[in-house]
Amino acid sequence: MAPGKVSKICCIGAGYVGGPTCAVIALKCPHITVTIVDVNQSRIDAWNDKDFKLPIYEPGLEDVVRGCRGRNLFFSTDVDKGIQEADLIFVSVNTPTKKSGVGAGFAADLNYVELATRRIAAVANSSKIVVEKSTVPCRTAESMRTILESNSKPNCRFDILSNPEFLAEGTAIGDLFKPDRVLIGSLQTPEGKAACDALTEVYANWVSKDRILTVGLWSSELSKLAANAMLAQRISSVNALSAICEATGANIDEVAHAVGFDSRVGPKFLKASVGFGGSCFQKDILNLVYLSESLHLPEVAAYWRQVVEMNEYQKRRFSKTVVDTLFNTITGKHIAVLGFAFKADTGDTRESASITLIRDFLNERANIKIYDPQVPHEQIWFDLAEACPNLPLESIKKSVTICPSALDACNQADALVIATEWKEFKEIDWEAVYTNMNKPAFVFDGRLILDVEKLKKIGFKVTVIGRGNVM
Ligand code: UDX
Ligand code: ADP
């Protein structure tokens, strides 16, 4: 295939990464037909929903899909046809942390990547550029290449690229429209470079070429893990400092602001919180830990593992603060948990700190009322059942209520916990909340979004991460 001639793209996996990424490619490249395929029928049905009730909540996504669905963007469960028709295939399937076997709890489960790759090899009847989009451990591209080459038909050539996605949920469309960088890794052979050029030309339709970085395959794979590990490390660093602030009366927001003013550090990703969540940070760091251990680099493994351990500590510490503050017991008390998603502006709950907090509160036999503006109820029940394997769902449901609004959740509550930084939580009618809560009315701000002085004036007892006693 000649470079720069991609005219049909197939994306395997219609999830949080594949869906928005390839929808934006379709919008920006009207001359390219983009088909997003997935084995999950209900997910594909939702992408094709006539009222655009899409399977994932992402600000701006609906407009993108409205702009090109049916024109050059298609969603289908016909994976084989998608593969056969495309000249470039993104593999964007899930890569969760392994739950059993070698590397359980650390290594990525590459089963889905392998199955998708084997499918490509089985059904492709012309040459393809195969692009690894899912976050994967180093050298996965090598395994994909081996599978493809060992199974290819006489006239089929497969070139593998790594093109990790750096979008963050909640801001995915803005991130895709104006990426800090696009990273493409390829083999440094003439064929590898030609494939790299072909993908570069796709992005060059809207991204300036100086932001498209081309590197070796393994550098690309490692850069994705490294970027996420370093972002998560900033949060764990600031969360570690938040514990010192609480013990000394300093204010973590002031400390982070002062530190971030140093242009070498910069102000972003220094917000203390109840702990980072999301599908990537923990998974990618654990991948890095596993990789380091496999390479006999135990000190390196221990260094990165501590970033995750600090995150676990932060969540534990926060639950304990709630229990301690409510006179050392929350048994039978009512706790309102505002926010279930792992961050604002997404309905995604993967690794959400909220799940850990609610599990801890359930272990203390509290009654919990949850409100989140986007997370579907069945997802909340699924996550809680998974987090509390020793509790049958019926008994979880006896202690947990999902509420239609923040105000409902706070009604008759002894304490209110902000777990996700949804904008609407800043704009709650606090007077009404106070009137309806049991007294003393405790507020725990796990996201540093509330106006503490205002709440204290109303009468709340307020605890904020990273601040000394502000009761
Ligand atoms: C992350 C990376 O940012 C993105 O580049 C990569 O492609 C995927 O992983 P995502 O997990 O979607 O994106 O969201 P992000 O904004 O990074 O937030 C991750 C977690 O960190 C959230 O729970 C968020 O609330 C938390 N966070 C973020 C903080 O606690 N403090 C901060 O300052 C920033
Ligand atoms: P991410 O956040 O990385 O996008 P998701 O779990 O949201 O991950 O999406 C991955 C998608 O990939 C899921 O919808 C899943 O059904 C799909 N998928 C996994 N394996 C295959 C496969 N072999 N063929 C087609 N789709 C697949």
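This structure is a prediction, so every number in the text was calculated from the model and none was measured.

Enquirer: Would you mind going over the sheet that holds strand E10 (residues 367–371) with me for this structure?
Expert: The strands making up a sheet are joined through hydrogen bonds of the backbone, oriented either antiparallel or parallel. Judged by pairing direction, the sheet is parallel, and its six strands sit side by side in the order E11-E10-E9-E12-E13-E14 without closing on themselves. Strand pairing shows two members of the sheet lacking a second neighbour, strand E11 (400–402) and strand E14 (461–464), which therefore form its edges. Averaged over all adjacent pairs, the angle separating strand axes in this sheet is 20°, with direction ignored. Relative to strand E13 (residues 442–445), strand E12 (residues 415–418) is paired through four bridges, and the arrangement is parallel.

Enquirer: I keep staring at the site of ligand 2 and nothing clicks. Help me out?
Expert: Of all residues adjacent to ligand 2, which total 15 residues, the nearest are Tyr 16, Val 17, Asp 38, Arg 43 and Arg 350. One nitrogen or oxygen atom from the main chain of Tyr 16 is found 3.1 Å from an oxygen atom belonging to ligand 2. Contact with the protein chains removes 87% of the 580 Å² of surface that ligand 2 exposes when unbound. Per-class residue counts for the shell around ligand 2 are seven nonpolar, five polar and three charged.

Enquirer: Even after reading the chapter, I still don't get helix H10 (residues 252–260), so can you show me in this structure?
Expert: The periodicity of an α-helix, 3.6 residues per turn, causes residues three or four positions apart to be oriented the same way. Along H10, the residues that are buried comprise Ile 252, Ala 256 and Gly 260. End-on, the buried residues of H10 take up no more than an arc of 60°, which puts them together on one face. Projecting away from the buried face of H10 at angles above 90 degrees are the exposed residues Glu 254, His 257 and Ala 258. For H10, the elements touching its buried residues are helix H9 (217–248). The distance from a side-chain oxygen at the start of H10 to the backbone nitrogen of Asp 253 is 2.8 Å, and the residue carrying that oxygen is Asn 251.

Enquirer: Teacher, can you tell me more about the environment of Pro 298 here?
Expert: Looking at the element boundaries, Pro 298 is found in helix H12 (residues 298–325). Sequence spacing of Pro 298 and Trp 422 is 124 residues, and the spatial spacing of their C-alpha atoms is 39 Å.

Enquirer: Would you mind showing me how to read the packing of H9 against H12 here?
Expert: The relative placement of two packed helices is expressed as an angle between their axes plus a distance between the axes. For the pair H9 and H12, interaxial distance at closest approach is 9 Å and the crossing angle is 45°. It follows that H9 is oblique to H12 by the angle criterion. For the pair H9 and H12, the sense of crossing is left-handed. Contact residues: H9 offers Ala 229, Met 230, Ala 232, Gln 233, Ser 236, Asn 239, Ala 240, Ser 242, Ala 243 and Glu 246, while H12 offers Tyr 303, Trp 304, Val 307, Met 310, Asn 311, Tyr 313, Gln 314 and Arg 317.

Enquirer: Is there a simple way to think about the domain arrangement of the chain in this case?
Expert: A common way to report how large an interface is uses the accessible area buried once the components associate. Splitting the chain by domain gives domain 1 (8–207) and domain 2 (219–471). The centre of domain 1, based on its C-alpha atoms, is set 32 Å off from the matching centre of domain 2. On the domain 2 side, the residues contacting the 33 residues of domain 1 number 28 residues. Considering only the side of domain 1, the residues that lose the most area to domain 2 are Tyr 57, Phe 106 and Glu 169, jointly responsible for 30% of the buried surface there. Along the contact surface separating domain 1 from domain 2 lie two salt bridges. Between Arg 350 and Glu 169 there is a salt bridge, with the nearest N and O atoms lying 3.7 Å from each other. Between the two partners, domain 1 and domain 2, sit eight residue pairs in polar contact (both at pLDDT 80 or more). Listing elements by their share of the side of domain 1 that touches domain 2, those giving two or more residues are helix H6 (140–151) and strand E7 (182–186). For the side of domain 1 that touches domain 2, the per-class residue count stands at 17 nonpolar, 10 polar and six charged.

Enquirer: Got a minute to help me understand unusual backbone geometry in this structure?
Expert: The omega torsion of the bond from Lys 439 to Pro 440 falls at -5°, within 30 degrees of zero and hence cis. For Pro 440, the location among the structural elements is in the loop between helix H17 (430–436) and E13. Here Phe 52, not a glycine, exhibits a phi torsion of approximately 60°, which is positive. Secondary-structure assignment places Phe 52 in the loop between helix H2 (41–47) and helix H3 (61–68). You can call Phe 52 buried: its relative accessible area is 13%. Positive phi, close to 65°, is recorded for Asp 345, a residue that is not glycine. By the secondary structure assignment, Asp 345 is in the loop between strand E9 (334–338) and helix H13 (353–363).

Enquirer: How should the environment of Gly 278 be read in this particular structure?
Expert: Here Gly 278 lies in the loop between H10 and helix H11 (281–294). Sequence-distant contacts of Gly 278, that is, excluding residues within four places in its chain, are made with Phe 342, Arg 350 and Glu 351.

Enquirer: How should the site of ligand 1 be read in this particular structure?
Expert: Close to ligand 1 lie 20 residues; Phe 166, Glu 169, Ser 273, Lys 343 and Arg 447 are nearest. Separating an oxygen atom of ligand 1 from a backbone N or O atom of Gly 277 is a distance of 2.9 Å. In isolation ligand 1 offers 660 Å² of accessible surface; the protein chains occlude 90% of this area. If one sorts the elements of the shell around ligand 1 by residue count, H9 sits on top with four residues. When the residues that make up the shell around ligand 1 are grouped by side-chain class, the tally is 11 nonpolar, three polar and six charged. Of the residues that make up the shell around ligand 1, three or more belong to each of domain 1 (8–207) and domain 2 (219–471).

Enquirer: Can you walk me through the UniProt feature "domain: UDP-glucose/GDP-mannose dehydrogenase C-terminal" (unreviewed entry) in the chain in this structure?
Expert: Residues annotated in UniProt with the feature "domain: UDP-glucose/GDP-mannose dehydrogenase C-terminal" (unreviewed entry) correspond here to residues 336–452. Secondary structure across residues 336–452 comprises 36% helix and 16% strand; the distance between its end C-alpha atoms is 18 Å.

So, how was this worked out
Residues numbered from 1 in each chain as written. Chains lettered and ligands numbered in written order. Predicted model: local features only at pLDDT ≥ 70, side-chain atom pairs only at ≥ 80, totals over all residues. Heavy atoms only, no water. Pairing = 2+ DSSP bridges. Helix = DSSP H or I, 4+ residues; strand = E, 2+ residues; numbered from the N terminus. Axes fitted to C-alpha atoms, helices over the stretch in contact; angles between N-to-C directions. Near = heavy atom within 4 Å. Polar contact = N/O pair within 3.5 Å; in protein donor to acceptor, adjacent residues only side chain to side chain. Areas by Shrake-Rupley, 256 points an atom, 1.4 Å probe, with all protein chains shown as cover. Nonpolar A, V, L, I, M, F, W, Y, C, P; charged D, E, K, R; others polar. Buried < 20%, exposed > 50% of the residue type's maximum accessible area, 1.4 Å probe, protein only. Arc of directions from axis to C-beta. Contact = heavy atoms within 4.5 Å. Parallel < 35°, antiparallel > 145°, perpendicular 65-115°, else oblique. Left-handed = near helix turned anticlockwise from the far one by under 90°. Domains from an automatic or database assignment. Buried area = accessible area lost by both parts, 1.4 Å probe. Salt bridge = Lys/Arg side-chain N within 4 Å of Asp/Glu carboxyl O. UniProt positions renumbered as here; feature names shortened; annotations may be inferred.

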